[in-house]
Amino acid sequence: MVCDEVAIPEQRIRGAIAMFRSTQSLQEERTMRGLPLFAILATCLVAIGCSDGSSNPSPGTEQYLYFSRIDGTPRIVRWEPGSPGEADVIVQNATLLSGPRAGRLLGCTTSGSATTLFSTTTTGTDRKDLYVLAGDIVLNHAEFDRSASKILCQMMLSRGSYADGALIVMNADGTGGTHIAGNVAHETGAHFSPVGTTVAYMTRRRYPDVPDSLYVVNVDGSERRLVSTEVAIASNDMDQWMWSPDGASIIYTNFSEENTHLRLLDVASGTTRRLSADSNAQYGGLFSPDGTQIVVTSTTSPTAIDGSTATTITIVNMNGTGRRVICRSDMHELLASPVISADNGYIAYLRIPTGGRPGPDYSQARMEVVRVADGSITRLDGVAMHPYWY
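Residues numbered from 1 in each chain as written. Predicted model: local features only at pLDDT ≥ 70, side-chain atom pairs only at ≥ 80, totals over all residues. Heavy atoms only, no water.

Caption draft 1: Structural view of the overall build of the chain. Of regular secondary structure, the chain possesses three helices and 29 strands. Here the chain, with 390 residues, has 50% of them falling under the buried criterion. Of all intrachain contacts in the chain linking residues separated by at least 6 positions in sequence, the fraction that spans at least 24 positions is 43%. For the chain, the exposed surface amounts to about 17000 Å²; the carbon and sulfur share of it is 49%. (Helix = DSSP H or I, 4+ residues; strand = E, 2+ residues; numbered from the N terminus. Buried < 20%, exposed > 50% of the residue type's maximum accessible area, 1.4 Å probe, protein only. Contact = heavy atoms within 4.5 Å. Areas by Shrake-Rupley, 256 points an atom, 1.4 Å probe, with all protein chains shown as cover.)

Below you can see the structure in the form of structure tokens.
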């Protein structure tokens, strides 16, 4: 493997950031125009282009769940349905960033203040280091498009304003990075559309007349447009929106009314409709891979003295029929980050204790997999995060 490195001095970046913050106008911020800071952030990355053009393996027919084990040393692991609760380690000392595409997944390793983005096969072989970030710049999220030919990276400053986030689209080998958006909220992910031609992302409220907003932009940074101001950034650590499998719609959590609920947004027209009349607060709608059903995470009205709630994961047809509770939590627990397998047969999720605290305790998050047909649950070993099916 032959790699070339190009680094930009950090002092130059810090000076440019300070100048940017002192000269940015209110009008620029309100119109969400492209921000020079993020082009600067893109140049301060250490780009690594590798010349060994090995091919990606073809995806197998088996169905696996991939996730990060974060107890002690972080590891990327995979688990096959029907197996006991122990998962196979495929990459040591690494965190999974996104699920596999075309036989490859994305992960990162950290050494001191430097974070390395890499890709590897679904068995942990043929690792390729793509980018190294150092100093105040943090890699918040990265994912492949469907063909694994492009990578979307979400970055932010580790100090200062958390709204200082940027989106970069690069080639799968780490070359050709293009800044496509700024002012990206760090609490919620940015994602390629299923067809891979556009990216949806959230911006954070800066002023009373500039609400949290959902934008769609082309992968080259052109034709950015506002599609919704109803997708508020939540503080409950649940996903707020997701693309439909055909890329025509986005399901999102609406916080603008008294009863939090799910709505379906038509991306082309901007029109929306409510998906359910459930009286419980609903978060994190998830499409099934074939687009015929949605997985809904709901919280019941508080009943405990400390105001804690229970969580249920429900599956329902897109027309609102066939609603069925798949699993539920006890009080002082949160069920979060559900993902459904390609055959609609299993749902993986995190069971996170809250213990009456304001927020979940991720240091105790456990991965569970429920079989949709009968509700049987397999509890996987260790503290876990970031589940993806392949």
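Caption draft 2: Inspection of the nonpolar core at higher detail. Grouped together as the largest cluster of nonpolar side chains are 19 residues, with contacts concentrated most on Leu65, Phe67, Trp79, Met367, Val369 and Trp389. Broken down by secondary-structure element, the contributors of at least two residues to this core are strand E3 (65–69), strand E4 (75–79), strand E26 (333–340), strand E27 (346–353), strand E28 (366–371) and strand E29 (377–389). Setting aside residues no more than four positions away along its own chain, Trp389 makes contact with Gln63, Tyr64, Leu65, Trp79, Pro81, Val339, Ile340, Ser341, Tyr346, Ala348 and Val369. Counting residues in hydrophobic clusters, the runner-up holds 18 residues, among them Tyr131, Leu133, Ala142 and Ile168. (Core = buried A, V, L, I, M, F, W, Y, C linked by side-chain atoms within 4.5 Å.)

Caption draft 3: Structural context of the environment of Arg75. Along the chain, the position of Arg75 falls in strand E4. Assessed through its relative accessible area of 16%, Arg75 is described here as buried. Sequence separation between Arg75 and Thr95 is 20 residues; the distance between their C-alpha atoms is 6.0 Å. Beyond its immediate stretch of four places on either side in the chain, Arg75 contacts Phe67, Ser68, Arg69, Val89, Val91, Gln92, Asn93 and Ala94.

Caption draft 4: Representation of the environment of Gln63 in the model. Inspection of the secondary structure puts Gln63 in the loop between strand E2 (46–50) and E3. Assessed through its relative accessible area of 18%, Gln63 is described here as buried. Taking C-alpha positions, Gln63 is 8.7 Å from Trp79, a pair spaced 16 residues apart along the chain. When residues no more than four places from it in sequence are discounted, the contact partners of Gln63 are Trp79, Glu80, Pro81, Ser341, Ala342, Asp343, Tyr346, Trp389 and Tyr390.

Caption draft 5: Quick look at the packing of aromatic side chains. Enumeration over the complete set of coordinates arrives at three aromatic pairs. Between the aromatic rings of Tyr64 and Tyr66, the centroid separation amounts to 6.4 Å while the plane-to-plane angle is 65°, which identifies the pairing as edge-to-face. An angle of 20° between the planes, with centres 5.8 Å apart, marks the rings of Tyr201 and Tyr215 as stacked. With a gap of 14 residues between them, Tyr201 in strand E15 (residues 198–203) and Tyr215 in strand E16 (residues 213–218) connect regions that are remote in the sequence. Of the two residues examined, Tyr201 and Tyr215, each falls in the buried class. Here Arg78 stacks its cationic end above the ring of Tyr64, 4.1 Å away from the centre of that ring. (Phe/Tyr/Trp six-rings, centres within 6.5 Å; stacked < 30°, edge-to-face > 60°. Lys NZ or Arg CZ within 6 Å of the ring centre and 35° of its normal.)

Caption draft 6: Representation of the pairing of E29 within the structure. In the sheet, E3 pairs with E29 via four bridges, with the strands oriented antiparallel. Each residue of the ladder has a partner; that of Leu65, found in E29, is Trp389. Examined bridge by bridge, E28 and E29 share four bridges and lie antiparallel to one another. By the bridge assignment, Arg366 is partnered in E29 with Val383. Count of turn residues in the E28/E29 antiparallel hairpin: five residues, of which Gly375 carries a positive phi of about 75°. (Pairing = 2+ DSSP bridges.)

Caption draft 7: Summary view of the sheet that holds strand E14 (residues 191–192). Spatially, E14-E15-E16-E17 is the arrangement adopted by the four strands of the open sheet, whose pairing is antiparallel. Edge positions in the open sheet fall to E14 and strand E17 (225–228), since each of these has one partner strand only. Bridge count between E14 and E15: two bridges; the pairing is antiparallel. Pairing of Phe192 across the sheet is with Val199, part of E15.

Caption draft 8: Quick look at the side chain of Asn344. In this fold, Asn344 is placed in the loop between E26 and E27. Residue class for Asn344 comes out buried when judged on its relative accessible area of 16%. Beyond its immediate stretch of four places on either side in the chain, Asn344 contacts Ser288, Pro289, Asp290, Gln293 and Val372.

Caption draft 9: Expanded view of the sheet that holds strand E10 (residues 137–144). A sheet is described by the order of its strands in space; here four strands give the open sequence E10-E11-E12-E13, paired in antiparallel fashion. Each having just a single partner strand, E10 and strand E13 (178–182) make up the two edges of the open sheet. The average angle at which neighbouring strand axes cross in this sheet is 25°, direction not considered. (Axes fitted to C-alpha atoms, helices over the stretch in contact; angles between N-to-C directions.)

Caption draft 10: Structural view of unusual backbone geometry. The residue Asn93 is not glycine, and still its phi comes out positive at about 55°. Counting through the fold element by element, Asn93 comes out in the loop between strand E5 (88–92) and strand E6 (95–101).

Caption draft 11: Broad picture of the side chain of Ser68. Mapping Ser68 onto the fold places it in strand E3. In terms of polar contacts, Ser68 uses its side chain to reach the backbone amide nitrogen of Leu96, at 2.7 Å. Apart from residues no more than four positions distant in its own chain, Ser68 is found in contact with Arg75, Thr95, Leu96, Val383, Ala384, Met385 and His386. (Polar contact = N/O pair within 3.5 Å; in protein donor to acceptor, adjacent residues only side chain to side chain.)

Caption draft 12: Just the confidence of the model for the chain, in detail. When pLDDT is averaged along the chain, the result is 75; 69% of the residues meet or exceed 70. Overall, residues 1–60 carries pLDDT values under 50, and its contacts beyond four positions in sequence, including any with other chains, amount to 103 contacts. Per-residue pLDDT stays below 50 along residues 303–307; that stretch engages in five contacts with residues further than four places along the chain or on separate chains. (pLDDT = per-residue confidence, 0-100.)

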